[in-house]
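So you can see what is in the structure, the chains are spelled out below.
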Amino acid sequence: MERLISYGICEWVLPTRLRGPSAVRTAYDLGLHGISLELGSAEEGFPLADDYIIQLYQEEQDRYNIAFPALACNMTDHFAMTTPRGTPGRDMVEHALRLSISAAEKLRISVVQIPSFLSSAIRSEEELWQAAECLRYACDLASGSGIIIGTENCLTTEWQMREMELVARDNFKVYFDTQNYLLQTGAYAPDVAEQLFPYIVQVHLKDGIGQGGNTLIGAGESDALKSVDRLMERGYSGWMIFENNYFTPPLAGGGRDSYELIKEDLTAVSKYVEDCRGRYSFQRGAEET
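The structure displayed is predicted, hence computed values, not measured ones.

The rules behind each value
- Residues numbered from 1 in each chain as written.
- Predicted model: local features only at pLDDT ≥ 70, side-chain atom pairs only at ≥ 80, totals over all residues.
- Heavy atoms only, no water.
- Helix = DSSP H or I, 4+ residues; strand = E, 2+ residues; numbered from the N terminus.
- Rg over C-alpha atoms; globule rule 2.2 N^0.38 Å.
- Buried < 20%, exposed > 50% of the residue type's maximum accessible area, 1.4 Å probe, protein only.
- Areas by Shrake-Rupley, 256 points an atom, 1.4 Å probe, with all protein chains shown as cover.
- Lys, Arg positive; Asp, Glu negative; His and termini not counted.
- Charge placed at Lys NZ, Arg CZ, Asp CG, Glu CD.
- Pairing = 2+ DSSP bridges.
- Contact = heavy atoms within 4.5 Å.
- Axes fitted to C-alpha atoms, helices over the stretch in contact; angles between N-to-C directions.
- Expected span 1.5 Å × (residues − 1).
- Right-handed = clockwise from strand over helix to strand, strands pointing away.
- Parallel < 35°, antiparallel > 145°, perpendicular 65-115°, else oblique.
- Left-handed = near helix turned anticlockwise from the far one by under 90°.
- Nonpolar A, V, L, I, M, F, W, Y, C, P; charged D, E, K, R; others polar.
- Phe/Tyr/Trp six-rings, centres within 6.5 Å; stacked < 30°, edge-to-face > 60°.

**Q** Before we go on, may I ask you to explain the overall build of the chain in this structure?
**A** On a plain count of helices and strands, the chain comes out with nine helices and eight strands. For 289 residues, the compact-globule formula gives about 19 Å, and the C-alpha radius of gyration of the chain, at 18 Å, lands near that figure. Across its three principal directions, the C-alpha atoms of the chain cover 55 × 40 × 40 Å. By residue count, 52% of the 289 residues in the chain fall in the buried class. Of the roughly 12600 Å² that the chain leaves accessible, carbon and sulfur atoms contribute 49%. Between the mean site of the 25 positive side-chain charges and the mean site of the 42 negative ones, the chain shows a separation of 2 Å.

Shown next, in the form of structure tokens:
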């Protein structure tokens, strides 16, 4: 069967000493197809904006044939994109967005992921409008390079559709996470996956009990594999990227090897995906006859 799903891991769930260009080798050793990068923090001087560091990533990418499916601007967790233009937080966000899109262009990354949690969580009409204006700014910056801006949030489906309408850009999509909806709002993620399917650009695979990413995929409370099932039923193809806390207790520890945990998730999820593909391909074939 042709490979329609590719698997990666988020750079930021790796131990600090494995982040940076060496993370490319780590992804290769784990049998993954890619690794999602992050711009880094303001305190670090946004490492991925450094041309020398970008060159090192490119050299490792060429050496190991590992893709970079997305670049995350995670600093929106600490600076608000929901405040008006001209405020310090918003100015910092827009600065980081410019750096993220520039780095994505240089690294040939097709998606810039922008989280909308913590400082950038949307809780009111005004915050929705401000976030949409900021995301529209990012889309316009990225449009000439063919880069997609992916918003990761836990909005209700109704508010997500309103944000889509406010941003109103063809290169604006949703970055779906299999656990965040249950963890932060109590929503059932498989239903969200089905409702937002036409707008989903990539998927974070995460599961847990009571907190984020603390169990293997399918062993937590979020019914993560059911989200995968719903996506495959609708014909999803593209990236599924592991975001569990494999190196942090309680998932790590107790004699369990973190690298083997990642491989275990990769093996189990890829088998589950292939089973879904076979089942839904058969059903679609039966419907056509």
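**Q** Whenever I open this one, the sheet that holds strand β1 (residues 5-10) confuses me. Can you help?
**A** Within a sheet, each strand pairs with its neighbour through backbone hydrogen bonds, oriented either parallel or antiparallel. Taken together, the eight strands give a closed barrel; going around it, the order is β1-β2-β3-β4-β5-β6-β7-β8, and neighbouring strands pair in parallel fashion. Pairing of β1 with strand β2 (residues 34-38) involves three bridges; the strand directions are parallel. Its bridge partner being in β2, Ile-9 is matched across the sheet by Ile-35. Sheet strands touched by helix α4 (residues 125-142): β4 (111-115), β5 (148-152) and β6 (172-177). Its angle to β5, the strand with the most contacts, is close to 155°. Along the sheet, helix α7 (residues 189-196) makes contact with β6 and β7 (200-205), crossing β6 at roughly 160°.

**Q** Honestly, α4 in this entry has me stumped. Any pointers?
**A** Across its 18 residues, α4 extends 26 Å between first and last C-alpha, which sits within 8% of the 26 Å expected from 1.5 Å per residue. Structurally, α4 contributes buried residues whose contacts are with α3 (88-107), β4, β5, α5 (157-167) and β6.

**Q** Would you explain the pairing of β1 in this entry?
**A** Consecutive side chains of a regular strand alternate in pointing toward one face of the sheet and then the other. Counting buried positions along β1 yields six of six residues, so the element is predominantly enclosed. Of the two faces of β1, the one holding Ile-5, Tyr-7 and Ile-9 and the one holding Ser-6, Gly-8 and Cys-10 are both buried throughout. Direction of pairing for β1 relative to strand β8 (residues 238-242): parallel, over a ladder of five bridges. Within β8, the position partnered with Ser-6 by the bridge is Trp-239. Crossover handedness for the path β1 to helix α1 (residues 22-29) to β2: right-handed.

**Q** Is there a simple way to explain the packing of α3 against α4 in this structure?
**A** To describe two helices that pack against each other, one gives the angle between their axes and the distance between the axes. Packing of α3 against α4 leaves a shortest axis separation of 10 Å and a crossing angle of 25°. Between α3 and α4, the angle falls in the class roughly parallel. Note that α3 runs across α4; the crossing there is right-handed. Contacts from Arg-90, Val-93, Glu-94, Leu-97, Arg-98 and Ile-101 of α3 reach α4 at Gln-130, Glu-133, Cys-134, Tyr-137, Ala-138, Leu-141 and Ala-142. A breakdown of the residues in the contact of α3 with α4 according to their chemical character gives eight nonpolar, one polar and four charged.

**Q** Quick question: what am I supposed to make of the side chain of Arg-90 here?
**A** Within the secondary structure, Arg-90 is located in helix α3. Assessed through its relative accessible area of 0%, Arg-90 is described here as buried. Other than its neighbours up to four places away in sequence, Arg-90 contacts Ala-80, Met-81, Thr-83, Pro-84, Arg-85, Gln-130, Glu-133 and Cys-134.

**Q** Help me understand the packing of aromatic side chains, please; the structure alone is not making it clear to me.
**A** What describes a pair of aromatic rings is the distance from one ring centre to the other and the angle between the planes of the rings. According to the stated counting rule, one finds five aromatic pairs in the structure shown. A centroid spacing of 6.0 Å and a plane angle of 90° characterise the contact between Tyr-57 and Phe-68, whose relative ring orientation is edge-to-face. Highlighted residues: Tyr-57 in helix α2 (residues 51-64) and Phe-68 in the loop between α2 and β3 (71-72), separated in sequence by eleven residues. For the pair shown, Tyr-57 and Phe-68 are each scored as buried.

**Q** Hey, could you run me through the side chain of Asn-180 in this one?
**A** Its location among the elements puts Asn-180 in helix α6 (residues 180-185). Asn-180 gets classed as buried once you look at its relative accessible area, which sits at 6%. Excluding residues that lie within four positions of it along the chain, Asn-180 makes contacts with Phe-117, Glu-152, Cys-154, Thr-185 and Lys-206.

None of this, on its own, says anything about what the molecule does.
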